[in-house]
Amino acid sequence: MAKCTAVAAANIALIKYWGMQDADRVWPTNPSISMTLRHCVSRSTVETIAGNEDEVLYLSDDGVPAPADAEFAAGVLRHLQRMRVLADRREAMRVATVNNFPTGAGIASSASGFAALTMAAAGALELQPDAPQLSRWARMSGSGSAARSILGGFVQWPGDAGDPDAPAQRIFDRGHWPLRDLIVVVDREPKEVSSREGHRRALTSPYYSVRQTLLPRRAERVRQALATRDFRQLAEAVEEEAIDLHLIAMSSRPPTFYWQAPTLTVLHAVRQLREGGMEVCATIDAGPNVHVLCTPRDADRAFDVLCDLPGVVQVIADEVGSDAHYDRSHLI
Ligand code: PMV
């Protein structure tokens, strides 16, 4: 019986994946760009076992069994089956998985969770994929952003913008620009509308086609800002993009409101800090929590201000991180 543990980090999208052109193949309508994080990680242990039934165990961050998000739970079982078929194996698997940060609240727990699961299952099934292969398999979990969590640094998925099947590709390594991400948690509970449902609804927004026309230029601005470490340019493009995603969500049929009142409080505070000369900007994935990107120069001061805002539950200080990897410390 083989046992394998993998650790993968969450990522924050600078250009968002929102909407699929092919839901079965998890082909996004546009290339996305993200920064892989360092401290917000999922750890997954997979072992092959005797018997016919897979066993899935979720642990809270102190190691105690915890209730699983229903959608994630179903996705895990489907993904194990997919991995078994890929490996041409029959054994059942036992899985344990843990996140060290709030799950399902727009902090990309499905990205890190499925990236770690894919890697651990590949190891337990004695597959030896390279990173592009792992990225493809992680995407097939249904969480497209998991394709990006396989790689550290700054990542684009699909790596080849013209090929929706292409794996994620690193565009800058983690040492290129040591950006920080202060994750401002205003609600720790899982969001009410899943990303999967959000992707489906996105295409019903009357503004979706407008978004598609704006994205190539905006993505280019993000790539250029990263290449030249131009924070002002990055801030403009990233905030425009974050608002665009939520505009699409709010104008979908039925509409989806991920923001809560403190979300706006944080957005205002970030603007004020920037007007005061600090290198900070905000982005928000599918949830109410705000990712405040900043340079190391302003991270401590921004952290203190954000912690004191009304409605803020917690601020997690993270930074750009590295590739998903195997680890010897098993959960089970
Ligand atoms: O990978 P999914 O299906 O969890 O979707 C991710 C959606 C966003 O987080 C809103 C954007 C992104 O690119 O990560």
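To be clear, the structure that these remarks concern was listed above.
This write-up is about the structure you can find in this document. Only a predicted model underlies this, so the values are computations on that prediction, with no experimental measurement involved. Every chain is numbered independently, its residues counted from 1 as its sequence is written. Residue-level local features of this predicted model are given only where pLDDT is at least 70; pairs of side-chain atoms are given and counted only at 80 or more, and the full residue set underlies all totals for whole chains, interfaces and linings. Hydrogens and water are ignored here; the side-chain numbers use all heavy atoms of the structure.

Focus on the overall build of the protein
So, step 1. Helix numbering and strand numbering both begin at the N terminus, where a helix is a DSSP run of H or I of at least 4 residues and a strand a DSSP run of E of at least 2. Check the secondary structure of the protein and you find nine helices and 13 strands.
So, step 2. Whereas a compact globule of 332 residues would reach a radius of gyration of roughly 20 Å, the protein reaches 19 Å, a difference of no more than 12%.
So, step 3. Over its C-alpha atoms, taken along the principal directions, the protein stretches across nearly 60 × 40 × 40 Å.
So, step 4. Relative to its full complement of 332 residues, the protein shows a buried share of 56%. Two things to know: the radius of gyration comes from C-alpha atoms, and the globule rule equals 2.2 Å times the number of residues to the power 0.38. Exposure classes here rest on a 1.4 Å probe applied to the protein chains alone. A residue is buried below 20% of its type maximum, exposed above 50%, and partly exposed in between.

Brief notes about a nonpolar patch on the surface
So, step 1. Patches here are clusters of residues that have more than 30% relative accessible area and form no salt bridge, with a 9 Å joining cutoff for like charges and a 5 Å cutoff for nonpolar side chains (Val, Leu, Ile, Met, Phe, Trp, Tyr). The Shrake-Rupley method, run with a 1.4 Å probe sphere, supplies the accessible areas, and residue values consider only the shown protein chains as cover. Any Lys or Arg side-chain nitrogen found within 4 Å of a carboxyl oxygen on Asp or Glu counts as a salt bridge. Side chains of Y207, V210, L214 and L247 sit close together on the surface and give an oily, nonpolar patch of about 350 Å² of accessible area.
So, step 2. Following the sequence through the fold, L214 ends up in helix α6 (residues 208–228).

Regarding the side chain of D298
So, step 1. By the element assignment, D298 lies in helix α9 (residues 296–307).
So, step 2. When its relative accessible area of 1% is taken as the criterion, D298 is described as buried.

Structural notes on helix α3 (residues 131–139)
So, step 1. Burial in α3 covers these residues: L134, S135, W137, A138 and R139.
So, step 2. Any two residues whose heavy atoms approach within 4.5 Å at even a single point are treated as in contact. Tucked into the core, α3 has its buried residues touching β3 (27–28), α1 (70–87), α2 (109–124), α4 (146–149) and β7 (154–157).

Digging into the site of the ligand
So, step 1. Near residues are defined by distance, with any heavy atom within 4 Å of the molecule or strand qualifying the residue. Among the 15 residues in the neighbourhood of the ligand, the closest are listed as Y17, G144, S145, R148 and H199.
So, step 2. Here a polar contact means two N or O atoms within 3.5 Å. Within protein one must be a hydrogen donor candidate and the other an acceptor candidate, and residues neighboring in sequence count only if both atoms are side-chain atoms. Within the side chain of S195, an N or O atom sits 3.5 Å from an oxygen atom of the ligand.
So, step 3. In the environment of the ligand, an oxygen atom lies 3.0 Å from a nitrogen or oxygen atom belonging to the side chain of H199.
So, step 4. For the ligand, whose unbound accessible area comes to 380 Å², protein coverage reaches 94%.
So, step 5. Of the residues contributing to the shell around the ligand, the split by class is five nonpolar, seven polar and three charged. For this classification, Asp, Glu, Lys and Arg are treated as charged, while Ala, Val, Leu, Ile, Met, Phe, Trp, Tyr, Cys and Pro are nonpolar and the rest, including Gly, are polar.

Observations regarding the sheet that holds strand β9 (residues 180–185)
Paired through their backbone hydrogen bonds, the strands of a sheet run either parallel or antiparallel.
So, step 1. A sheet is described by the order of its strands in space; here four strands give the open sequence β10-β11-β9-β12, paired in antiparallel fashion. The open sheet terminates on both sides in strands that have one partner only, identified here as β10 (280–283) and β12 (314–319). Across the sheet, the mean angle from the axis of one strand to that of its neighbour is 25°, orientation sign disregarded.
So, step 2. DSSP-based pairing: two strands are paired if at least 2 bridges between them are found. Where β10 and strand β11 (residues 290–294) come together, four bridges link them in antiparallel fashion. Residue pairing in the sheet places V280 in a bridge with C294 of β11. Here an angle of 0 to 180 degrees is reported between the N-to-C directions of two axes, which are lines fitted to C-alpha atoms, with helices fitted over the stretch in contact.

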